[in-house]
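For reference, the chains in residue letters:
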Amino acid sequence: QVQLAESGGGLVQPGGSLRLSCVASGSIDSINGMAWFRQAPGKERELVATINSGGSTSYADSAQGRFTISRDNAKKTMYLQMNSLKPEDTAVYYCNAYIRKIGSTIFRLYWGQGTQVTVSS
C-alpha cells in the first residue's frame, strides 16, 4: 500500500507560524508532483501550493509571500512552512502527490487524511 500522512497542525495565534509535514510511505517507486490543499468549513477545497519533482513551486495568491512549500525526496516528505498566519488560514490542510508504485508503470494521485490548522486569538 501507499499512504500519505500529514502532521504539524494545531492552534496558533494570528501572526504565528506552523510547519506542516506530509510523509509518503509504502511500496513507492517514484514521487512526481506534490501539492497542499486546504478546506475551510462550508467551503470548497482549494489549492494552496504545488511543487514538482524538480523543486519548482507555485502558490495561491492567498499564500504567496507567507507560505513556503518544499520537499525532501530522500525522506519522501513534503513541507509547508506557514508564517504570518491569519484567521482566514483556518482549515483542514491536505497533502497530495502523484506516486508510482513499485512494479507499476503509471503515476496515481494519492491524498492524505488532513491536519487541522486553527488560527485564533
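Structure shown above.
Residues numbered from 1 in each chain as written. Predicted model: local features only at pLDDT ≥ 70, side-chain atom pairs only at ≥ 80, totals over all residues. Heavy atoms only, no water.

(A) A look at the pattern of salt bridges. In this structure the tally under the stated criterion is four salt bridges. Measuring nitrogen to oxygen at the nearest pair gives 2.6 Å for the salt bridge that ties R100 to D29. Placement of R100 in strand β9 (residues 91-101) and of D29 in strand β4 (residues 28-39) is noted, with a sequence separation of 71 residues between them. Classification of D29 by relative accessible area gives partly exposed; the value is 42%. A salt bridge links R38 to E46, with the shortest nitrogen-to-oxygen separation between them at 2.7 Å. Taking the relative accessible area as the measure of exposure, R38 reaches 5% and is therefore buried. E46 sits in the partly exposed class, given a relative accessible area of 37%. Ionic contacts of the salt-bridge type, sharing partners, join the residues R38, E46, R66 and D89 into one network. (Salt bridge = Lys/Arg side-chain N within 4 Å of Asp/Glu carboxyl O. Helix = DSSP H or I, 4+ residues; strand = E, 2+ residues; numbered from the N terminus. Buried < 20%, exposed > 50% of the residue type's maximum accessible area, 1.4 Å probe, protein only.)

(B) Just the nonpolar core, in detail. If you look at the biggest cluster of nonpolar residues, it comprises 29 residues, and the most contacted ones within it are W36, L80, M82, Y93 and I99. Secondary-structure elements contributing two or more residues to this core are β1 (2-7), β3 (18-26), β4, β5 (46-51), β7 (67-72), β8 (77-82), β9 and β11 (115-119). Of all the elements, β9 adds the most residues to this core, at five residues. (Core = buried A, V, L, I, M, F, W, Y, C linked by side-chain atoms within 4.5 Å.)

(C) Spatial organisation of the state of the cysteines. Taken as a whole and judged by the stated rule, the model has one disulfide. Here C22 pairs with C95 through a disulfide, and the sulfurs are 2.1 Å apart. Across the S-S bond linking C22 and C95, the dihedral sits near 60 degrees, which makes this disulfide right-handed. With C22 in strand β3 and C95 in strand β9, the pair connects residues that are 73 residues apart, well separated along the chain. (Disulfide = S-S within 2.5 Å.)

(D) Spatial organisation of the environment of D89. By the secondary structure assignment, D89 is in the loop between β8 and β9. Judged by its relative accessible area of 1%, D89 falls in the buried class. Considering only alpha carbons, one finds D89 and W111, 22 residues apart in sequence, at a separation of 20 Å. Look past the residues within four positions of D89 in its chain and what remains in contact with it is R38, R66, F67, S84, V117 and V119. A polar side-chain atom of D89 sits 2.8 Å from a polar atom in the side chain of R66. (Contact = heavy atoms within 4.5 Å. Polar contact = N/O pair within 3.5 Å; in protein donor to acceptor, adjacent residues only side chain to side chain.)

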